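Overview (structure and organization)
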Amino acid sequence: MRKAALHNLGCKVNAYETEAMGQLLREAGYELVSFDVGADVYVINTCTVTNVADRKSRQMLHRARKLNPQAIVVAVGCYAQMAGEKLLEDGAVDLVIGNNKKKDLAAILEAYERGQEAETLIDINHTKEYEGLFVSEQTERTRAYVKVQDGCNQFCSYCMIPFARGRVRSRSLIEVRSEVERLAAGGYQEVVLTGIHLSSYGVDLSGVDLLSLIRMVHEVSGIRRIRLGSLEPRIVTEEFAVALAELPKVCPHFHLSLQSGCDAVLGRMNRRYTTGEYEEACRLLRRVFGNPALTTDVIVGFPGETEEEFAKTEAFLSRIAFFETHIFKYSRRKGTKAAAMEGQLSERVKTERSGVLLGLNEVHRRRYLESQIGRPVEILVEESVQIGERIYQTGHTREYCRAVIDVEPNLTGRIVKAFGEKLLENGFLLCKLL
């Protein structure tokens, strides 16, 4: 039996696709092994979101070649799509497989070993085909990610993903339901709906949108929690928020992309909303759901960001008070409009501004966790962990707070009702079973 090792770089969609490719290889008779064991085939699912991601992708390809010079080294995914056949000039790479061809991985490998040619790259910007990848089980045993959408039509000035992933393509309701039913039958109780631009789900289909997809998943027996991937703020209308609140399986945890709390910077980024629209989306969710966990992403040090513009972002984050803010220093990505903009900031300035927002994030994160003390919570138990000298059962609440329970029986895979007691030093919420 030939051995294959896979390594994932990048987003949750990439992680899902790596799981799906692993399943394809198992079905084709490969034994999956860890990267360092030594394999006959190495598959690296690459990322191209930043220049740093490109570099990490190349490093992993070279690492695979060093581990076994005789192995077949395969570059797949976004960096492979953008670099194309030029990657074959790199002695570390044998095969370059772009997006929408990952589903053919096993067949491409078979053709390569026979000395035959196979199509491995397409013009991703001129396809309407949704790539038929699916999974029936995942590495994470209690929570399953389900990819429902690919591509992006937004063209933010700092991003290459629309060029690497192509235009929006949505997965059919029938295919999504079939996968969710398989996952439920396998014991998964929580699914996370994810995509490259989830809010665009259904724009290429007739009579279908994200809300109808969520309602369909809600009908699947055995699924007790539905979590949503990153949303655009403008999707959060009164109708949308109220409709979600009427679906008890939908978790009160919403990740709304922000990137900047300054309208001028949002304009340079080509983001298609204002801070006023964003704040209204947060207000709606809090009015309808009570105390939902709101999380976001912010880029600091975007080209031309002045001290005044950064101060507006800091003030906006202070006002909204997110549960968690993921902060990224702007990374100049060759080929994007932002890379050619004037006013590129130094790493020192970006690091200083990042530090300010990280400190603010810690204050808000702790404040939200403290708001769960004295309240009933529902925990999906995922594993046992040792904290100090004690063993706890740990998992996440519906709001995605990391919670621990001081009990001996193994509750992994169960959803339990508990009561928030106090916050531990490591930031976990200590709970008591009800």
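Anyway, here's the lowdown on the structure attached to this text. Once a new chain begins, its residue numbering starts again from 1 and follows that chain's sequence as written. A pLDDT threshold of at least 70 governs which residues receive local features in this predicted model, and a stricter bar of 80 or more applies before side-chain atom pairs are shown or counted, although totals over entire chains, interfaces and linings include all residues. Heavy atoms throughout the structure, all of them, feed into the side-chain values; hydrogens and water do not.

What follows covers the sheet that holds strand β4 (residues 72-77). Strand pairing follows a simple DSSP-based rule, namely that at least 2 bridges must link the two strands. For the purposes of this entry, the term helix denotes a DSSP run of H or I that reaches at least four residues, the term strand denotes a run of E that reaches at least two, and both are numbered from the N terminus. One open sheet accounts for five strands, arranged β2-β1-β3-β4-β5; its pairing is parallel. With one partner strand each, in any of the chains shown, β2 (31-32) and β5 (95-97) form the two edges of the open sheet. Both strand β3 (residues 41-46) and β4 contribute to a ladder of six bridges, which runs parallel. When the bridges of β4 are listed, I44 appears paired with A75.

Looking now at empty space enclosed by the protein. For cavity detection a 1 Å grid was placed over the protein atoms alone, and a set of points counts as a cavity when a 1.4 Å probe fits there but cannot get out; an open set counts as a pocket when protein lies on both sides within 12 Å along at least five of seven lines, with lining residues being those that have an atom within 4 Å of a point. Grid points are joined across faces, edges and corners, and a volume is the space filled by probe spheres set on the points. As enumerated under the stated definition, the model contains two cavities of 30 Å³ or more in all. Around the largest cavity, the lining residues are Q154, C156, E232, N270, R271 and R272. Of the residues contributing to the lining of the largest cavity, the split by class is one nonpolar, two polar and three charged. In this structure, the second largest cavity encloses a volume near 30 Å³. For the lining of the second largest cavity, the leading source of residues is helix α12 (residues 347-370), giving four residues. For the lining of the second largest cavity, the per-class residue count stands at four nonpolar, three polar and no charged. In this classification, the charged set is Asp, Glu, Lys and Arg, the nonpolar set is Ala, Val, Leu, Ile, Met, Phe, Trp, Tyr, Cys and Pro, and all remaining amino acids, among them Gly, are polar.

Another aspect to go through is the packing of helix α6 (residues 173-185) against helix α7 (residues 210-218). Interaxial angle, 0 to 180 degrees, is taken between N-to-C directions of lines fitted to C-alpha atoms, where a helix line uses only the stretch in contact. Closest axis-to-axis distance for the α6/α7 pair is 10 Å, and the angle between their directions is 35°. By crossing handedness, the relation of α6 to α7 is classed as right-handed. Judged by residue contacts, L173, V176, R177 and V180 of α6 engage L213, M216 and V217 from α7. Tallied by class, residues from the contact of α6 with α7 come to six nonpolar, no polar and one charged. Take the far helix as the reference: if the near one is turned anticlockwise from it by less than a right angle, the crossing is left-handed, and if turned clockwise, right-handed. Note on definitions: a residue-residue contact is assigned when non-hydrogen atoms from the two residues lie within 4.5 Å.

The subject of this paragraph is the pairing of strand β15 (residues 402-405). Bridge count for strand β14 (residues 390-397) against β15 is four bridges, and the pairing is antiparallel. Looking at β15, one finds that G395 is bridged to A403. Hairpin connection between β14 and β15: a loop of four residues separates the two successive antiparallel strands, and Y400 in this loop has a positive phi of roughly 70°.

The cut-offs for exposure are 20% and 50% of the maximum accessible area for each residue type, with area from a 1.4 Å probe on protein chains only; residues under the lower value are buried, those over the upper are exposed, and the others partly exposed. Within strand β8 (residues 190-195), six of the six residues are buried, leaving the element largely enclosed by the surrounding structure. Judged by which residues are buried, β8 turns out to be covered on both faces: E190, V192 and T194 on one side and V191, L193 and G195 on the other are all buried. The pairing of strand β6 (residues 143-150) with β8 spans six bridges and is classified as parallel. Pairing of R143 across the sheet is with E190, part of β8. As a crossover connection, the stretch from β8 through α7 into strand β9 (residues 225-228) is right-handed. When the strands point away from the viewer and the connection leading from the first strand across the helix to the second strand turns clockwise, the crossover is called right-handed.

Ranked by internal contacts, the top residues of the largest apolar core, which has 64 residues, are Y158, V191, L193, L210, L228 and L231. For this core, the element with the highest residue contribution is α7, accounting for six residues. Not counting chain neighbours up to four residues away, the residues in contact with L210 comprise L198, S199, Y201, L231, I235 and F240. In this structure, F35, A53, A75 and V93 belong to the second largest nonpolar core, which totals 21 residues. Side-chain atoms within 4.5 Å link the members of a nonpolar core, which is a set of buried Ala, Val, Leu, Ile, Met, Phe, Trp, Tyr and Cys residues.

Right, let's talk about helix α11 (residues 307-320) for a bit. Helix length check: α11 (14 residues) gives 20 Å between terminal C-alpha atoms against 20 Å at 1.5 Å per residue, within 8%. Among all positions in α11, only E309, F310, T313, F316, L317 and I320 are buried. Down the axis of α11, the smallest arc covering the buried residues is 120°, so these residues share one side. Set apart from the buried face of α11 by more than 90 degrees, the exposed residues are E307 and E308. Looking at the buried positions of α11, the neighbouring elements they touch are α9 (263-269), α10 (275-289), β11 (293-300), β12 (324-329) and α12. Looking one or two residues beyond α11, the residue adopting positive phi is A321, at roughly 55°. Given the number of residues in a helix, its expected span is that number minus one, multiplied by 1.5 Å. Summarising the geometry, the arc corresponds to the directions from the helix axis toward the C-beta atoms.

Let us look at the packing of aromatic side chains. Any two of the Phe, Tyr and Trp rings considered here, Trp counted by its six-membered ring, make a pair once their centres fall within 6.5 Å; the pair's planes then place it as stacked at under 30 degrees, edge-to-face at over 60, or tilted in between. All told, the structure shown has nine aromatic pairs when counted by the stated rule. With a centroid separation of 4.9 Å and an interplanar angle of 40°, the aromatic rings of F323 and Y368 are classed as tilted. Within this pair, whereas F323 is found in the loop between α11 and β12, its partner Y368 is found in helix α12, the two being separated by 45 residues in sequence. Summarising the burial analysis for this pair, F323 and Y368 share the class buried. Each residue in the set Y273, Y278, F316 and F322 is aromatic and connected to the rest through ring pairs, giving one cluster.

Take the sheet that holds β12 next. Picture the strands of a sheet paired through backbone hydrogen bonds; they go either parallel or antiparallel. With parallel pairing, the three strands of this open sheet are ordered in space as β10-β11-β12. Only two strands of the sheet have a single neighbouring strand rather than two, namely β10 (253-255) and β12. Across the sheet, the axes of successive neighbouring strands diverge by a mean angle of 15°, strand direction being ignored. This element, α10, spans β10 and β11 of the sheet and lies at about 165° to β11.

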